[in-house]
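Inside the fold
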2 protein chains.
Amino acid sequence: MIHAPHPALLPNGLNDGLPPRAEREADVVDGLMAFVRGHGYRRVKPPLIEFEDGLLAGAGAALARDTFRVMDPVSQRMMGVRPDFTVQIGRIATTRLRHDPRPLRLCYAGQVLRVRGTQLRPERQFTQVGAELIGADTPAAEAEIVVLAAEALEAEGVVNATIDLNLPTLLGVLCEAHAAPEALREALRVPVDHKDVASVQDAARSLPDLGAALVALIQATGPAREALAEIAALGLPPAAAERVAALHQLVDHIEAAHPGLTLTVDALESRGFEYYTGFGFSIFARGARGELARGGRYIAGPEGRGQPATGFTLMMDAVLDAMPEAPLPRRVLAPVGHDRGAAARLRRDGWTVLQALEADIDLTAEARRLDCGFVLGADGPEALT
Amino acid sequence: MIHAPHPALLPNGLNDGLPPRAEREADVVDGLMAFVRGHGYRRVKPPLIEFEDGLLAGAGAALARDTFRVMDPVSQRMMGVRPDFTVQIGRIATTRLRHDPRPLRLCYAGQVLRVRGTQLRPERQFTQVGAELIGADTPAAEAEIVVLAAEALEAEGVVNATIDLNLPTLLGVLCEAHAAPEALREALRVPVDHKDVASVQDAARSLPDLGAALVALIQATGPAREALAEIAALGLPPAAAERVAALHQLVDHIEAAHPGLTLTVDALESRGFEYYTGFGFSIFARGARGELARGGRYIAGPEGRGQPATGFTLMMDAVLDAMPEAPLPRRVLAPVGHDRGAAARLRRDGWTVLQALEADIDLTAEARRLDCGFVLGADGPEALT
C-alpha cells in the first residue's frame, strides 16, 4: 500500500509564512516601500510570469538555470516565473515608460521563485523589495541608491549595518591591461573569489605583475578610506586606476550624504555580481545569514537600448533576521452585543479587537483561551488578572 | 527572416502594473489587511507553488484546469502555482495550526495565477485579499465574515455596495427532496443558472412541483427581507426550508451587526460557488466589472479532517474599479546640498521629496520636468508658479 504524503509536506525550500513572522514581514515591506516612495520612487508591479525570451534576455541570462518555465497554452510559447525583478524593471523602463523623464525612479516589492536554493539560502521563494534609478550615471546617482538602501534599513530598525563596496569588473580590466590570455583570466576567477593568494600567484606566474597586483588587492580589503588609499598606492594600470578613482568619488558622495555609515571595500569581490557593469555593493548586519541587500551599477533594458542604471534589492528573509522583535498588538475580546463604535475606535488606535461569537460564555476564560490579554468592558479594555 | 516579438509584449492576460494604479493597489491592500488584522485575523503567507496533490485536493479540484503546473527538479514531483488561496489556508489551519484555539481567524494577501482568463476577466494574474474564520459554524460566525468584508471595503471608500446572498446547494437539496434523477438535476443546472424559466419548466415537466418551486425561487430575487418572505411562503420541502431559515437567521445577524447594509437574495445562484457547502455571497458596487468579493461557508482542510469555515476573498482589480481616486502625494525637488533633516521630516508628513543629482541646474525647470509641483527652499517647499 502506498501512503499519500502528509498534506503538511511542502516542496523543499518552500515554506508557509506563519504569524507573527508573516505579519512582521508584511509590515517591514510596507515600511521600506513607504520610505523609498517618499524619495520619489514610483511603484511598478510586473507580472509573476512572462515570456522567457524577455525575462532571460541580456543580463537576465545569468538566472536562466534558476528559472521555472511553464508553457502558455494560450500563445503556445514558453513563459518563465521571474527569478528576480531587475530585468522586468529594465523592460518596463525602456518600453512602457520610455517617454518618462530621466532619471526614472522605480521601486517594487513582491515574490520571486528559483528552481534551486543555495547552500546559504535553501529557500526557493523570496520576498524582494528594491529600487532602481535609471538614466543617470553620475556618482551622485550611485550614491543616492547606496544611501537609500542603508537609510531604509535604518528607518526600519536595522542597526550596525556594514556596506561593502566592490568592482565586479576589476579582474577583467586588470587582465586586459596586462594582456592576460582568456584562459588565464578563467583560471584566476576561482582563486581570486576565494582570496587564495598562493593559487593566484601560481596561476599568474607567467605575468608576475598581474599576480602581485591581485594579491595586493586581495589584501587591501577593509574600511573604505584605508583600503582605497592602499589601492591608490599600488600604481595599477590606468584603466584599473580609473575604476578605483570612481569608487573613491562614490565613497566621497556617500559620506557627504550620510556621514555615519560603515563602508568597507573588497575591490575584487564579484560573486553574484555578474550582472553589474560598474560598482557593486552588499549590506550586511549582525544576526542575518548572508547579505540584506545587494546592488550596483548595470545596464537596464534589452540589448541595443540599454540605459545606465543603479539599483538595489533587499532580501527580506535576511532583513527580518537582522531586525529587532516587534511588540505584538494588544488583543482584547469583546462580548456579543458590544459597542461596535468603541471597538472601531480601539482598532484605529492599534488594538486588535476580537468579537466573541457566543453570548453565554465566561468571557474571561474565553479571552485567555484565545490569547487575548484584555476583555472589553463598558469603560474600555480591562486587563485579565 | 523571423523577427523577435517586441520586448514590451506580455502574454495575454498578464500586465505590468504602473503608477499610480500599482501604488493605489498596494495602499488599498495595506488598508484592507490592517482592517482585517484589527479584527484578530492573523496573517499567513503560503508559498506561491506547492505539490499539486495538496493544492488540488478536495475542494481545490474545482480549479485543477486553471492551475499552472511545473515539475520540481528537486523532488521530481509535479507542483502547481496557486490559483486561489483558500485551499492553502485550509491546509495550514488543519496541519501547522491544528493546535491553535478555535475559532481560528486567518487572513492573507497576494498573487494568484490562472491558466486561462474568463470573458468577464481576461486577466490571468490577480491580487487577492481574504479572511477565513475556521472552526465555527454558527450564524454569528458567518455574519462576522460578511460584515467584515463589507466594512473593510467601506473603510477604504467603497460606497453603495450590495451584498448578494445565495444558497449554492439549494438546487441539489430540492432535487433530492423531489427524488429527481441525477440526469434531471444535470439538465436543470444551466437553465437555472441562466434564470431561463421556460427551459426550467420544460426540463422539469416530469416533476411539475419541482419545476414550480424552481421558477418561484428564480422570481423571488431582490431585497433580502422581501425575497426571504416570498420564499418562506412557497412551502418548500423541509430540507430546503431549513436552508432558507438558516439564511434568514444569517440576515438577522448581519443586520444586527451593521444595520445599513444593502442585502439581496438570489437563492439559486451558484456559478462560481461550487466550493461552498452552506450559504454564499458576492459583493457588487457601481463602476466595477464583476464582483468585488466572494465568500461563503465551506469545509476547510483536506477530506477526512475538514472543519467548518466561512471566508471571503476580495478581487483587487474590481475593488480598485469601485474606489474613488486617491490624491497623489505632493512632489518636491530638493537641490544638491539640501537640508536632509528637513527633507526627512517632509517625507514623514507625506511629501515625496526627490533630490536633484546635479548642482548647476535651473531647479524650477528641473522640478517641472520631473513632475514636481514644488522646490525645496530654505523655509520649506515653494510651489512652482
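Residues numbered from 1 in each chain as written. Chains lettered and ligands numbered in written order. Predicted model: local features only at pLDDT ≥ 70, side-chain atom pairs only at ≥ 80, totals over all residues. Heavy atoms only, no water.

Observations concerning the overall build of chain A
Helix and strand counts for chain A stand at 13 helices and 16 strands. Viewed in the frame of its principal axes, chain A has a C-alpha envelope of about 90 × 55 × 55 Å. Residue pairs in contact within chain A that sit at least 24 positions apart in sequence constitute 65% of those at least 6 positions apart. Entry remark: accessible area of chain A is about 16400 Å², with carbon and sulfur atoms responsible for 53%. (Helix = DSSP H or I, 4+ residues; strand = E, 2+ residues; numbered from the N terminus. Contact = heavy atoms within 4.5 Å. Areas by Shrake-Rupley, 256 points an atom, 1.4 Å probe, with all protein chains shown as cover.)

Looking at the side chain of T67(A)
All names here are of chain A. Note on placement: T67 falls in the loop between helix 2 (52–55) and strand 3 (69–71). The buried category is assigned to T67, whose relative accessible area is 3%. A distance of 2.8 Å separates a polar atom in the side chain of T67 from the backbone oxygen of L63. Other than its neighbours up to four places away in sequence, T67 contacts L55, L56, G80, V81, P83 and V115. (Buried < 20%, exposed > 50% of the residue type's maximum accessible area, 1.4 Å probe, protein only. Polar contact = N/O pair within 3.5 Å; in protein donor to acceptor, adjacent residues only side chain to side chain.)

A word on the UniProt feature "domain: Aminoacyl-transfer RNA synthetases class-II family profile" (unreviewed entry) in chain A
According to UniProt, the feature "domain: Aminoacyl-transfer RNA synthetases class-II family profile" (unreviewed entry) maps to residues 35–335 of chain A in the numbering used here. Along residues 35–335 of chain A one finds 36% helix and 23% strand; the C-alpha atoms at either end are 39 Å apart. (UniProt positions renumbered as here; feature names shortened; annotations may be inferred.)

Digging into the UniProt feature "binding site: L-histidine" (unreviewed entry) in chain A
Residues and elements named next belong to chain A. Following the UniProt record, one finds the feature "binding site: L-histidine" (unreviewed entry) at D84, F85, T86, R114, Q128, E132, R271, Y275 and Y276. Narrowing the list just given to those that line the largest cavity leaves F85. Position of D84 relative to the elements: it lies in the loop between strand 4 (78–81) and helix 3 (86–94). Accessibility expressed as a relative area gives 16% for D84, which makes it buried. Setting aside residues up to four positions removed in sequence, D84 forms contacts with L63, V112, R114 and Q128. Along the chain, Q128 falls in strand 6 (residues 125–134). Contacts of Q128, omitting those with residues within four sequence positions, involve D84, F85, Y108, A109, G110, V112, R114, T313, L314 and M315. (1 Å grid on protein atoms, 1.4 Å probe; cavity = no way out; pocket = protein on both sides within 12 Å on 5 of 7 lines; lining within 4 Å.)

Some details on the sheet that holds strand 6 of chain A
Residue and element names in this part refer to chain A. The strand order across the open sheet built from nine strands is 1-5-6-12-11-10-7-9-8, with neighbouring strands paired in mixed fashion. In this open sheet, the two edge strands, each paired with only one partner strand, are strand 1 (42–43) and strand 8 (222–223). The pairing of strand 1 with strand 5 (residues 104–113) spans two bridges and is parallel. Bridge pairing in strand 5 links R42 to L106. (Pairing = 2+ DSSP bridges.)

Here we look at the relation of the copies chain A and chain B
The two copies are related by a screw motion: chain A maps onto chain B through a turn of 180 degrees and a shift of 0.0 Å along the axis, at an RMSD of 0.0 Å. Interpreted geometrically, this transformation is the action of a two-fold axis. Within chain A, V70(A) has its C-alpha nearest the rotation axis, a separation of 3.2 Å. Of the interface residues in chain A, 100% have counterparts in chain B that sit at the interface too, so the contact is made through matching surfaces. (Least-squares fit on C-alpha atoms with pLDDT ≥ 70 in both.)

Observations regarding empty space enclosed by the protein
In total, this model carries three cavities of 30 Å³ or more according to the counting rule given. Estimated volume of the largest cavity: approximately 620 Å³. As for the largest cavity, its lining consists of 33 residues, of which R43(A), A109(A), G110(A), R43(B) and G110(B) are closest to the centre. Elements supplying a minimum of two residues to the lining of the largest cavity: helix 1 (21–38), strand 5 and strand 6 of chain A together with helix 1 (21–37), strand 5 (104–113) and strand 6 (125–134) of chain B. Taken together, the residues of the lining of the largest cavity break down into 15 nonpolar, eight polar and 10 charged. (Points joined across faces, edges and corners; volume = space filled by probe spheres on them. Nonpolar A, V, L, I, M, F, W, Y, C, P; charged D, E, K, R; others polar.)

Considerations on the interface of chain A and chain B
Contact with chain A, which involves 84 residues of that partner, is made by 84 residues of chain B. Roughly 7300 Å² of surface becomes buried between chain A and chain B when both sides are summed, with 58% attributable to carbon and sulfur atoms. Three residues stand out in chain A for area buried against chain B, namely R42(A), K45(A) and L357(A), and they jointly supply 10% of the buried area on that side. Counting every contact that joins chain A to chain B gives 14 salt bridges. It is helix 1 of chain A that contributes the most residues to the side of chain A that touches chain B, eight residues altogether. Here the residues of the side of chain A that touches chain B are counted per class, giving 44 nonpolar, 13 polar and 27 charged. (Buried area = accessible area lost by both parts, 1.4 Å probe. Salt bridge = Lys/Arg side-chain N within 4 Å of Asp/Glu carboxyl O.)

Quick look at the sheet that holds strand 13 (residues 331–334) of chain A
Residues and elements named next belong to chain A. Reading across from one edge, 14-13-15-16 is the order of the four strands in this open sheet, with mixed pairing throughout. In this open sheet, the two edge strands, each paired with only one partner strand, are strand 14 (352–355) and strand 16 (380–383). Sheet twist, expressed as the average angle between the axes of neighbouring strands with direction ignored, equals 35 degrees. The pairing of strand 15 (residues 374–377) with strand 16 spans four bridges and is antiparallel. Counted as the bridge partner of F374 is A383 from strand 16. (Axes fitted to C-alpha atoms, helices over the stretch in contact; angles between N-to-C directions.)

Here's the deal with the packing of aromatic side chains
Residues and elements named next belong to chain A. The full count for this structure, using the stated rule, is 14 aromatic pairs over all chains. Plain terms: the ring middles of Y275 and Y298 are 5.1 Å apart, the flat faces sit at 40 degrees to each other, and that makes the pair tilted. Note that Y275 is positioned in the loop between strand 9 (262–265) and strand 10 (280–284) and Y298 in strand 11 (residues 293–300), a separation of 23 residues in sequence. We classify Y298 as buried; its relative accessible area is 1%. (Phe/Tyr/Trp six-rings, centres within 6.5 Å; stacked < 30°, edge-to-face > 60°.)

Side note on the pattern of salt bridges
Residues and elements named next belong to chain A. Taken as a whole, this structure holds 52 salt bridges over all chains when the rule is applied. In this structure, E366 and R369 form a salt bridge, with 3.1 Å as the shortest nitrogen-oxygen distance. Of this pair, E366 and R369 both sit in helix 13 (residues 363–369), separated by three residues, roughly a single helical turn. Judged by relative accessible area, which is 17%, E366 ranks as buried. The exposure class of R369 is partly exposed, given its relative accessible area of 40%. Within this structure, R21, E123, R289, D317 and D321 form a network of salt bridges that share partners.

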